[in-house]
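Chain by chain, the residues:
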Amino acid sequence: MTSVYHYHSPLGGITISGIGNELTGLWFDGQKYFGSTLPKEYEEQPLPVFEETRKWLDIYFSGKAPDFTPPLKMETTPFRKAVWELLLTIPFGQTLTYGGIADRVAKQMGLPHMSAQAVGGAVGHNPISLIIPCHRVVGTDGSLTGYAGGIEKKLHLLTMENAEIVQR
């Protein structure tokens, strides 16, 4: 059974979901695609992964890079999983472009080319925000583009990480 937990961040409420010892979702309340991996029935029950995730979030919102990742359960297509796993490699305070991700995923899959727009779709549907750092993906020129939690939250997160940001 899926369980949920609520966390209060400096940017508003966050809903976290998990099954057993694995994290399955983390969304800013009300964001686009909120609860995309939540089944119709779930319960509010403490799980050890929620305590680990709370610690991760406390460290992150203190402006530091957590040195661990809670166990994640990514149930999705192989393409989206490849994109999300690549997002996990983007260091705290750094960014990567959609095109850069497309190039890397294409190489991993043995393809000559990958659409940056397809990557954008996968990034946008990431159900474990922050921990899988989709906020660190930027446009080709480094500008802030799309974020399911809203551009203002993306700007705040990248500023908190001291990332280089292109203002438009």
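Details of the structure are given in the entry above.
Thresholds, definitions, all that
Residues numbered from 1 in each chain as written. Predicted model: local features only at pLDDT ≥ 70, side-chain atom pairs only at ≥ 80, totals over all residues. Heavy atoms only, no water. Pairing = 2+ DSSP bridges. Helix = DSSP H or I, 4+ residues; strand = E, 2+ residues; numbered from the N terminus. Phe/Tyr/Trp six-rings, centres within 6.5 Å; stacked < 30°, edge-to-face > 60°. Buried < 20%, exposed > 50% of the residue type's maximum accessible area, 1.4 Å probe, protein only. Lys NZ or Arg CZ within 6 Å of the ring centre and 35° of its normal. Contact = heavy atoms within 4.5 Å. Axes fitted to C-alpha atoms, helices over the stretch in contact; angles between N-to-C directions.

Thoughts on the pairing of strand β2 (residues 12-19)
Summarising the sheet, strand β1 (residues 3-9) and β2 pair through seven bridges and their orientation is antiparallel. Considered in β2, the bridge of V4 is made with S17. Here β1 folds back onto β2, and the loop between the two strands holds two residues. Of the pairings in the sheet, the one linking β2 to strand β3 (residues 22-28) comprises six bridges and is antiparallel in character. Residue pairing across strands places I19 opposite E22, the latter belonging to β3.

Considering the packing of aromatic side chains
The geometry of two aromatic rings is summed up by the distance between their centres and the angle between their planes. Evaluation of the coordinates by the stated rule reveals six aromatic pairs. Between Y7 and F61, the aromatic rings sit 6.4 Å apart at their centres with planes inclined by 20°, giving stacked as the arrangement. Highlighted residues: Y7 in strand β1 and F61 in helix α1 (residues 48-61), separated in sequence by 54 residues. Exposure remark for Y7: the relative accessible area of 8% places this residue in the buried category. Above the ring of F28, the side-chain terminus of K153 is found at 5.3 Å from the ring centroid.

Comments concerning the sheet that holds strand β4 (residues 43-44)
Strand order across the open sheet formed by four strands is β3-β2-β1-β4, with mixed pairing between neighbours. Edge positions in the sheet fall to β3 and β4, since each of these pairs with one other strand and no more. Lying on the sheet, α1 is in contact with β1, β2 and β3; it crosses β1 at an angle near 20°.

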